[in-house]
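Here's the letter readout for the chains.
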Amino acid sequence: MSETTSMQSDVVKTEVRGNVLLIGLNRPEKKNALTGEMFQALAEAYERYDRDDDLRCAVLYGEGGAYCAGADMTQLRELVESGALVYGDGDYDPFGTAGVRLSKPLIAAVHGVCFAGGLQLALSGEFIVAAEGTLFGQPEVLRGVFAFFGGAARWVETVGYANAQRYLLTGHHLDAREAHRIGLVQEVVPAEELLDRALQLADEIAAAAPMGVRYSLAVSRRAAEAGVSAAFDLVPRLRAEIVGTDDAAEGILSFKQRRAGVYTGH
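The following paragraphs examine the structure supplied in this document. Only a predicted model underlies this, so the values are computations on that prediction, with no experimental measurement involved.

All right, on to the overall build of the protein then. When its secondary structure is counted, the protein shows ten helices and ten strands. In terms of C-alpha radius of gyration, the protein reaches 19 Å, essentially the compact-globule figure of 18 Å for 266 residues. Its C-alpha atoms give the protein principal-axis dimensions of roughly 60 × 40 × 40 Å. In the protein, which comprises 266 residues, the proportion classed as buried is 47%. Split by element, the accessible area of the protein, about 13,200 Å² in all, is 52% carbon and sulfur. Taken together, the 25 basic and 36 acidic charged side chains of the protein have centroids lying 5 Å from each other.

In structure tokens, the structure reads:
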């Protein structure tokens, strides 16, 4: 990794390592339970990440002994009724359900507990790396609500309908091994290796051609949200845009020279 810079708010930390942005939930005394202030800070961090061409991948994680226990239930009704969770066309929704969604990848690195809103936040990214021993749960139905930050849909998208209902409708917990088996989590590592592994994967993504990564992400999301045929409709325009770029030329040259490509995003 190269140059490291950092910024810190009371509730969300950000740190730049090379071309990767770390985004840390920072309310460890409450197991990083999400508040309105944290939603706003996350939206600002996501906007910063998306608009900075030097940042090519982000890692979301939690400070302290747990990744995130979910939304702070004492604030939830007020946040909903006040409209604080309504995002306009130009706003960055950390859950990616409205407004502007990240156009670049986000990896969630979770440990300890990954519950409720915290799990929905992780599912809004591209994939999840978990520490051994992490507990997962979507218990909203046991608290009088449902997974309305996108989770009720994203579980189905990620693990399939029946696997999703097994946990969405009961609120049961599952461990990291079971989460990995059903595809909720993509990799499980020893706790002491969690952040290093997530950063390694982020660095590998950041080393790839930025336009290629964004366009791949755009097509993949269209397929997940609207079906494969809709994704195919997107391909001709993106293909025409990318083949004449400097990065595409560098891809050919690096292949001929048998070396890794060095990409600028142009």
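Bringing the nonpolar core into the picture now. Judged by nonpolar contacts, the single largest core of 67 residues is most densely connected at Leu34, Phe136, Trp155 and Leu184. In terms of residue count, helix H1 (residues 36-51) provides more of this core than any other element does, seven residues in total. Not counting the four nearest positions on each side in its chain, Leu34 is found in contact with Leu25, Phe39, Leu42, Cys68, Gly70, Ala71, Asp72, Phe95, Gly117, Gly118 and Leu121.

To continue, consider the packing of helix H8 (residues 210-226) against helix H9 (residues 228-242). With their axes 7 Å apart at the nearest point, H8 and H9 run at an angle of 165° to one another. Viewed along their axes, H8 and H9 adopt a mutual orientation that is roughly antiparallel. When the axes of H8 and H9 are compared, the crossing they make is right-handed. Together, Met211, Gly212, Tyr215, Ala218, Val219, Arg222, Ala223 and Ala226 of H8 and Val228, Ala230, Ala231, Leu234, Val235, Leu238, Glu241 and Ile242 of H9 make up the contact between the two elements.

Attention shifts here to the pairing of strand E7 (residues 127-131). Of all five residues making up E7, four are buried, and the element is well covered by its neighbours. Where strand E5 (residues 106-110) lies against E7, four bridges are found, and the strand directions are parallel. Its bridge partner being in E7, Val110 is matched across the sheet by Ala130. For E7 and strand E10 (residues 187-189), the ladder comprises three bridges, and the chain directions are parallel.

Applying the stated criterion across every chain, the model contains six aromatic pairs. Centre to centre, the rings of Phe95 and Phe149 are 4.3 Å apart; their planes meet at 10°, and the pair counts as stacked. With Phe95 in the loop between helix H2 (73-82) and E5 and Phe149 in the loop between strand E8 (135-137) and helix H4 (151-159), this residue pair connects regions lying 54 residues apart in the sequence. Among the residues examined, Phe95 registers a relative accessible area of 2% and is labelled buried. Within the aromatic cluster, the residues linked to one another by ring pairs are Phe39, Phe95, Phe146, Phe148 and Phe149. The side chain of Arg166 reaches across the aromatic face of Tyr167, ending 4.6 Å from its centre.

Bringing H4 into the picture now. Every buried residue of H4 is listed here: Gly151, Arg154, Trp155 and Val159. One face of H4 carries all of its buried residues, which in axial projection span an arc of 105°. Elements that come into contact with the buried residues of H4 comprise helix H3 (116-123), helix H5 (161-168), strand E9 (173-175) and helix H6 (176-182).

This part covers the environment of Ala224. Positionally, Ala224 belongs in helix H8. Distance from Ala224 to Thr158, taken between C-alpha atoms, is 9.2 Å for residues 66 residues apart in sequence.

Quick look at the side chain of Thr245 now. With respect to the element layout, Thr245 can be found in the loop between H9 and helix H10 (246-256). Among all residues touching Thr245, those that are not within four sequence positions of it are Met211 and His266.

Rules used throughout
Residues numbered from 1 in each chain as written. Predicted model: local features only at pLDDT ≥ 70, side-chain atom pairs only at ≥ 80, totals over all residues. Heavy atoms only, no water. Helix = DSSP H or I, 4+ residues; strand = E, 2+ residues; numbered from the N terminus. Rg over C-alpha atoms; globule rule 2.2 N^0.38 Å. Buried < 20%, exposed > 50% of the residue type's maximum accessible area, 1.4 Å probe, protein only. Areas by Shrake-Rupley, 256 points an atom, 1.4 Å probe, with all protein chains shown as cover. Lys, Arg positive; Asp, Glu negative; His and termini not counted. Charge placed at Lys NZ, Arg CZ, Asp CG, Glu CD. Core = buried A, V, L, I, M, F, W, Y, C linked by side-chain atoms within 4.5 Å. Contact = heavy atoms within 4.5 Å. Axes fitted to C-alpha atoms, helices over the stretch in contact; angles between N-to-C directions. Parallel < 35°, antiparallel > 145°, perpendicular 65-115°, else oblique. Left-handed = near helix turned anticlockwise from the far one by under 90°. Pairing = 2+ DSSP bridges. Phe/Tyr/Trp six-rings, centres within 6.5 Å; stacked < 30°, edge-to-face > 60°. Lys NZ or Arg CZ within 6 Å of the ring centre and 35° of its normal. Arc of directions from axis to C-beta.

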